[in-house]
Amino acid sequence: MKTTLYLVRHGETFDNVNRIMQGQTQGQLNPTGIQQAEEVALRMADAPIDAVVSSDLRRAIATAEIIARPHGLPVVTTPLLRERDWGSFTGRYIPDLKDEKWPSDIETLDQLQSRACLFMDFVRESYAGQHVVAVGHGIINKAIQSVFFHKEMKDVKPMANAEIRILEL
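Thresholds, definitions, all that
- By convention here, each chain's residues receive numbers from 1 onward along its written sequence.
- Residue-level local features of this predicted model are given only where pLDDT is at least 70; pairs of side-chain atoms are given and counted only at 80 or more, and the full residue set underlies all totals for whole chains, interfaces and linings.
- Note: side-chain values were computed over all heavy atoms of the structure, leaving out hydrogens and water.
- With a 1 Å grid spanning the protein atoms alone, the term cavity applies to any set of points in which a 1.4 Å probe fits but cannot get out, the term pocket to an open set with protein on both sides within 12 Å along at least five of seven lines, and the term lining residue to any residue with an atom within 4 Å of a point.
- Grid points are joined across faces, edges and corners, and a volume is the space filled by probe spheres set on the points.
- The helix and strand labels rest on DSSP assignments: H or I over at least four residues marks a helix, E over at least two residues marks a strand, and numbering proceeds from the N terminus.
- For this classification, the nonpolar set comprises Ala, Val, Leu, Ile, Met, Phe, Trp, Tyr, Cys and Pro, the charged set comprises Asp, Glu, Lys and Arg, and every other residue, Gly included, is treated as polar.
- Axis angles are defined between N-to-C directions and span 0 to 180 degrees, where every axis is a line fitted to C-alpha atoms and, for a helix, only to the segment in contact.
- When an angle is under 35 degrees it counts as roughly parallel; over 145 it counts as roughly antiparallel; between 65 and 115 it counts as roughly perpendicular; any other value is oblique.
- Here a residue-residue contact requires only that any non-hydrogen atoms of the pair lie within 4.5 Å.
- A clockwise turn of the near helix away from the far one marks a right-handed crossing, whereas an anticlockwise turn of less than a right angle marks a left-handed crossing.

With respect to the layout of surface pockets
Here is step 1: Counted as a void, the largest pocket has a volume near 390 Å³.
Here is step 2: Surrounding the largest pocket, 22 residues form its lining, Arg-9, Glu-83, Trp-86, Gly-138 and Ile-139 being those nearest its centre.
Here is step 3: When contributions to the lining of the largest pocket are tallied by element, the ones reaching two or more residues are helix 1 (14-17) and helix 5 (138-149).
Here is step 4: Here the lining of the largest pocket gets 3 residues from one element, more than from any other, and that element is helix 5.
Here is step 5: In terms of residue class, the lining of the largest pocket is made up of 9 nonpolar, 6 polar and 7 charged.

What about the packing of helix 4 (residues 109-126) against helix 5?
Here is step 1: Two elements in contact, helix 4 and helix 5, have axes separated by 8 Å at closest approach and are oriented at 75°. One element, helix 4, and the other, helix 5, form an angle in the roughly perpendicular class. Residues Leu-112, Gln-113, Arg-115, Ala-116, Cys-117, Phe-119 and Met-120 of helix 4 form the contact with helix 5, whose own contacting residues are Ile-139, Ile-140, Ala-143, Ile-144, Ser-146, Val-147 and Phe-148.
Here is step 2: Considered class by class, the residues forming the contact of helix 4 with helix 5 number 11 nonpolar, 2 polar and 1 charged.

Description of the packing of helix 2 (residues 31-44) against helix 3 (residues 58-68)
Here is step 1: Following both chains from N to C, one finds helix 2 and helix 3 inclined at 35°, their axes separated by 8 Å at the closest point. Crossing geometry of helix 2 relative to helix 3 is assigned as right-handed. Here Ile-34, Ala-37, Glu-38, Val-40, Ala-41 and Met-44 of helix 2 lie close against helix 3, whose contacting residues are Thr-63, Ile-66 and Ile-67.

Listed below in structure tokens is the structure:
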């Protein structure tokens, strides 16, 4: 029996708009991000959802809580869905990073994809045969899809804020 995973990226944040590398900072949804989450909740209101899982970062939790509300479900958090750890690039203005040498304290793609595998194992084991909404972040969601589809990270299309992709695990 397959588990349906509705993979969602959190709504837009103030740092998204300001092009700040958020990484594993908490972040905060802006009014557009709240509206995006409400639109996802409305689109998914009649979907068969058994569980809502979220990154333990505030911007993802806020999105997940809005999506879970029509279903009366609690939000389960996990650090496995956290965004990539950008190390000393965290909090920096993204355009300024273009030509900089990457520091050694950034989470590697291998580490990120390993975490993505652990997350998918967690979902398969904890929610076998169920319909699960998982609210994460742009890069971890890309890593999950990379592992699931056996593609290079660069070959996975980035997700927009509040975008939904469906995986059958």
